[in-house]
Amino acid sequence: MLRLILNILWFVLAGVELALAYALAGLVSIVFIITIPLALPAFRLAWYSLWPFGRVVVEKPDAGAGSLLANIVWLVVVGWWLAVAHLAVALLLAITIIGIPFAVAVLKLAGLALAPYGKEVVTVEEAHHRDLTVVHRTERA
């Protein structure tokens with residue numbers, strides 16, 4: 001029940017704006033033909049940023065040099081302005097009392113906006129069951 005309440009608050013305060021930013025990043029990636037592979041993590045992170053509580057971002061055990069190269073291209077094409085969008089949303093949230101914890105979560109998510117390759121979004125239960133290394137979580141353990 002707590003996750004539902006947190007997700008609803010997140011959705012209203014930050015989720016829609018961040019999801020739209022990631023969706024726009026995915027569309028921009030599709031426009032430049034060579035960056036079409038960047039669209040998949042953009043859309044995946046759009047869903048995660050829309051309703052994050054109960055899910056975590058974990059390291060992919062098989063991620064290698066390809067992920068590093070993809071993260072560099074991502075950073076140049078869309079990552080930097082997604083991180084700026086996160087900073088702007090966090091600043092607006094930090095102005096309000098109720099928004100401060102959400103601002104902290106948005107700032108944590110900004111790091112993921114810079115380098116999403118080599119990571120995947122799974123449920124908290126799946127991460128615990130598979131004993132995966134958690135990179136980002138919006139709630140405390």
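For the structure itself, look to the data block above.
In short, a report on the structure. Only a predicted model underlies this, so the values are computations on that prediction, with no experimental measurement involved. (Residues numbered from 1 in each chain as written. Predicted model: local features only at pLDDT ≥ 70, side-chain atom pairs only at ≥ 80, totals over all residues. Heavy atoms only, no water.)

**Some words on helix α1 (residues 2-31)**
- At Phe11, α1 is bent by approximately 60 degrees, the largest bend along its length.
- Taken as a whole, α1 has its buried residues at Asn7, Trp10, Ala14, Gly15, Leu18, Ala19, Ala21, Tyr22, Ala25, Gly26 and Ser29.
- Packed against the buried residues of α1 are α2 (39-50), α3 (65-94) and α4 (100-114). (Bend = angle between axes of the 7 residues up to and from the residue. Helix = DSSP H or I, 4+ residues; strand = E, 2+ residues; numbered from the N terminus. Buried < 20%, exposed > 50% of the residue type's maximum accessible area, 1.4 Å probe, protein only. Contact = heavy atoms within 4.5 Å.)

**Here's the deal with the packing of aromatic side chains**
- If you walk through the whole model with that rule in mind, you get four aromatic pairs.
- Between Trp10 and Phe102, the ring centres sit 6.0 Å apart and the planes meet at 50 degrees, which makes this aromatic pair tilted. Within this pair, whereas Trp10 is found in helix α1, its partner Phe102 is found in helix α4, the two being separated by 92 residues in sequence.
- Given a relative accessible area of 6%, Phe102 falls into the buried group.
- Members of the aromatic cluster, connected to one another through ring pairs, are Trp10, Phe53 and Phe102. (Phe/Tyr/Trp six-rings, centres within 6.5 Å; stacked < 30°, edge-to-face > 60°.)

**Description of the environment of Leu107**
- Tracing the backbone through its elements, the reader meets Leu107 in helix α4.
- Residue classification places Leu107 among the partly exposed positions, given a relative accessible area of 44%.
- The sequence separation of Leu107 and Trp80 amounts to 27 residues, and the corresponding C-alpha distance is 13 Å.
- The residues contacting Leu107, other than those within four sequence positions of it, are Leu87 and Ala90.

**Some remarks on the packing of α1 against α4**
- Direction vectors running N to C along α1 and α4 enclose 30 degrees, while the axes themselves pass 11 Å from each other. Remark: the crossing between α1 and α4 carries right-handed chirality. Counted together, Leu6, Leu9, Trp10, Leu13, Ala14, Leu18 and Tyr22 of α1 and Phe102, Ala105, Val106, Leu109 and Ala113 of α4 form the full contact between these two elements.
- Considered class by class, the residues forming the contact of α1 with α4 number 12 nonpolar, no polar and no charged. (Axes fitted to C-alpha atoms, helices over the stretch in contact; angles between N-to-C directions. Left-handed = near helix turned anticlockwise from the far one by under 90°. Nonpolar A, V, L, I, M, F, W, Y, C, P; charged D, E, K, R; others polar.)

**Description of the environment of Ile72**
- Along the chain, the position of Ile72 falls in helix α3.
- The sequence separation of Ile72 and Leu114 amounts to 42 residues, and the corresponding C-alpha distance is 8.9 Å.

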